[in-house]
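# Working through the structure, step by step
Letter by letter, the chains look like this.
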Amino acid sequence: MSGGLVTLGEAMALMAAAEVGGWSHHRDLKLSVAGAELNVAVGARRLGAAATWISRVGADGFGELMLRELRAEGVTAVAAVDDTRPTGLMVKERPTSQRTHVRYYRAGSAASAMTAFDVPVDVVAQASVLHVTGITPALGPGPASAVQLAIDTARRHGTTVSLDVNYRSALWSRADAGAALEPLVRKADVVFAGPEEAALIVPDGEPEQLARALSDLGPKQVVIKLGGDGAVSLVDGVARVTQAVPVTVVDTVGAGDAFVAGYLAELMDGAEAGQRLSTAAAAGALACTVLGDWEGLPTRADLAALGDTESVQR
């Protein structure tokens, strides 16, 4: 199939501190946009894949900025403009160079009103990969129904389903998240999770144990993301350890989305598992070298300049 990547979920305006320090000392802000699914769409597009993002935005300047940025990146936006609800907002503070605080203002946002009626089933049916996260179903019954319809459509039409667990404790409890996400894992072909996220769904254990337990539920490709320690994966029954790429870290927010984008871009390009993981690790590393959720997402030229990391079978 040649439809590229399709993803759906909320993106928000992002107001980020321009300097290190608390708000009481530094008040300069940089305005941008961010959201896990948007980040993955941009990341995949920069690596050469076609990408489509499905959502809702408010009829406001933040929504206009979001659509403008996506057009500039070459991502197709299928987003209803809601004139009764605002675009969501997130605020990022950097109290020290080692810590980042993110607060979300998404209650009553346009994207929180998303339903299955917002999903263009023909677009999903023609995609190579549908990518969803655990954030969207946490926003309420409407967004959860949108995710469910998208997944069911993908499965009917042979579209690969990718799920990043992406647990947000501010949105729901671990028990509620586990109950809602376990059926989605069973329908997914590719699953990404951190160790604590995987333990929402399967018994806790070492990374490879977690990968095998998740794979037993159905997905043939499971990647346990370990941040600065790389990743452990089980792809088509083969376990691998992928080392992180050493870089000077500026901002880690968005690195996980960059990792996912790298993996999925290579998957759509037909690369073998080791290359998918090497590209994912390199993309995640490069995202950490720039302030912002998606501004540091790499191109193919950036990856070539950095060089590959190592992904070895166990």
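Residues numbered from 1 in each chain as written. Predicted model: local features only at pLDDT ≥ 70, side-chain atom pairs only at ≥ 80, totals over all residues. Heavy atoms only, no water.

On to the layout of surface pockets, then. If you add up the space inside the largest pocket, you get close to 1,000 Å³. Residue assignment for the lining of the largest pocket shows that the elements contributing at least two residues are helix H1 (36–46), strand S7 (99–105), helix H7 (195–198), helix H9 (255–268) and helix H10 (273–287). Here the lining of the largest pocket is built from residues that sort into 21 nonpolar, 12 polar and 10 charged. When its volume is computed, the second largest pocket comes out at roughly 170 Å³. (1 Å grid on protein atoms, 1.4 Å probe; cavity = no way out; pocket = protein on both sides within 12 Å on 5 of 7 lines; lining within 4 Å. Points joined across faces, edges and corners; volume = space filled by probe spheres on them. Helix = DSSP H or I, 4+ residues; strand = E, 2+ residues; numbered from the N terminus. Nonpolar A, V, L, I, M, F, W, Y, C, P; charged D, E, K, R; others polar.)

Positive phi, normally seen in glycine, also occurs at Asn166, with a value near 45°. The topology assignment puts Asn166 in the loop between strand S9 (160–164) and helix H6 (174–187). Although it is not a glycine, Asp236 sits at a positive phi angle of roughly 55°. Overall, the relative accessible area of 56% leaves Asp236 in the exposed class. (Buried < 20%, exposed > 50% of the residue type's maximum accessible area, 1.4 Å probe, protein only.)

Two faces belong to every sheet, and in a regular strand the side chains alternate between them. Burial of strand S13 (residues 238–242) is extensive: 4 of the 5 residues sit out of reach of the surface. Sheet topology places strand S12 (residues 231–235) next to S13; 5 bridges connect them, and they run antiparallel. Looking across to S13, one finds that Ser233 is bridged to Arg240. Two successive antiparallel strands, S12 and S13, enclose a turn made up of 2 residues, where Asp236 displays a positive phi of approximately 55°. (Pairing = 2+ DSSP bridges.)

Interaxial distance between H1 and helix H2 (residues 61–73) falls to 10 Å at its minimum, and their mutual angle equals 20°. Relative to H2, H1 is oriented roughly parallel. Two secondary-structure elements touch here, H1 through Leu38, Val42, Arg45 and Arg46 and H2 through Met66, Leu70 and Glu73. Its residues placed into classes, the contact of H1 with H2 shows 4 nonpolar, no polar and 3 charged. (Axes fitted to C-alpha atoms, helices over the stretch in contact; angles between N-to-C directions. Parallel < 35°, antiparallel > 145°, perpendicular 65-115°, else oblique. Contact = heavy atoms within 4.5 Å.)

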